[in-house]
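Geometric and topological summary
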Amino acid sequence: MAFPLISTGVYNFPRDKAMRISTAAIYEFLMEQEMLVELVVFDRSAYELSGRLFPNVQSYIDEQYAADQAVQEYCRMQEERFSRVGAASV
């Protein structure tokens, strides 16, 4: 599901108000439904605004980045391990 802040572009609707409205609508929806929601921002100013409005956004990004890096490193190590095992059996 996409929940864009469309009116904040050409129509100059205030981004902070739009972000507050959209997150309030998402929170309200999640009170009755179980769903993973990922907020996506498309430029530096929207990212900075989200950080000011929701300070835990940066910590969430950091945690996800660290988790993704750990998974990638594990996969790389497994590939190296299996390639060594395959080379040794030839």
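My aim in this report is to walk through the structure given alongside it, one point at a time. (Residues numbered from 1 in each chain as written. Predicted model: local features only at pLDDT ≥ 70, side-chain atom pairs only at ≥ 80, totals over all residues. Heavy atoms only, no water.)

Description of the side chain of Thr 23
Tracing the sequence through the fold places Thr 23 in helix α1 (residues 15–32). Judged by relative accessible area, Thr 23 falls into the buried class, the value being 6%. Contacts of Thr 23, omitting those with residues within four sequence positions, involve Leu 39 and Phe 54. (Helix = DSSP H or I, 4+ residues; strand = E, 2+ residues; numbered from the N terminus. Buried < 20%, exposed > 50% of the residue type's maximum accessible area, 1.4 Å probe, protein only. Contact = heavy atoms within 4.5 Å.)

Things to note about the packing of aromatic side chains
Given two aromatic rings, their pairing is described by the distance between the two centres and the angle made by the two planes. What the rule picks out here adds up to zero aromatic pairs. Here Arg 81 stacks its cationic end above the ring of Phe 82, 5.2 Å away from the centre of that ring. (Phe/Tyr/Trp six-rings, centres within 6.5 Å; stacked < 30°, edge-to-face > 60°. Lys NZ or Arg CZ within 6 Å of the ring centre and 35° of its normal.)

Points about the packing of α1 against helix α2 (residues 44–53)
Interaxial distance between α1 and α2 falls to 10 Å at its minimum, and their mutual angle equals 60 degrees. With respect to their mutual orientation, α1 and α2 come out oblique. In this structure, α1 crosses over α2, and the sense of that crossing is right-handed. The residues of α2 that touch α1, namely those facing Arg 15, Asp 16, Met 19 and Arg 20, are Ser 45, Ala 46, Leu 49, Ser 50 and Leu 53. Counted by class, the contact of α1 with α2 contains four nonpolar, two polar and three charged residues. (Axes fitted to C-alpha atoms, helices over the stretch in contact; angles between N-to-C directions. Parallel < 35°, antiparallel > 145°, perpendicular 65-115°, else oblique. Left-handed = near helix turned anticlockwise from the far one by under 90°. Nonpolar A, V, L, I, M, F, W, Y, C, P; charged D, E, K, R; others polar.)

Comments concerning the pattern of salt bridges
As a working rule, side chains carrying opposite charge can pair if their charged atoms are close by. All told, the structure shown has two salt bridges when counted by the stated rule. Between Arg 76 and Glu 73 there is a salt bridge, with the nearest N and O atoms lying 2.3 Å from each other. One end of the pair is Arg 76 and the other is Glu 73, both in helix α3 (residues 56–88) and three residues apart, which spans about a single turn. On the basis of relative accessibility, which here comes to 36%, the residue Arg 76 falls in the partly exposed class. One salt bridge connects Glu 80 with Arg 76, and the closest N-O pair in it is separated by 2.4 Å. Taken together, the positions of Glu 80 and Arg 76, both in helix α3 and four residues apart, correspond to about one turn of that helix. Each of the salt bridges in this network shares a partner with another, and the network as a whole consists of Glu 73, Arg 76 and Glu 80. (Salt bridge = Lys/Arg side-chain N within 4 Å of Asp/Glu carboxyl O.)

Function cannot be read off these values alone, since they describe shape.
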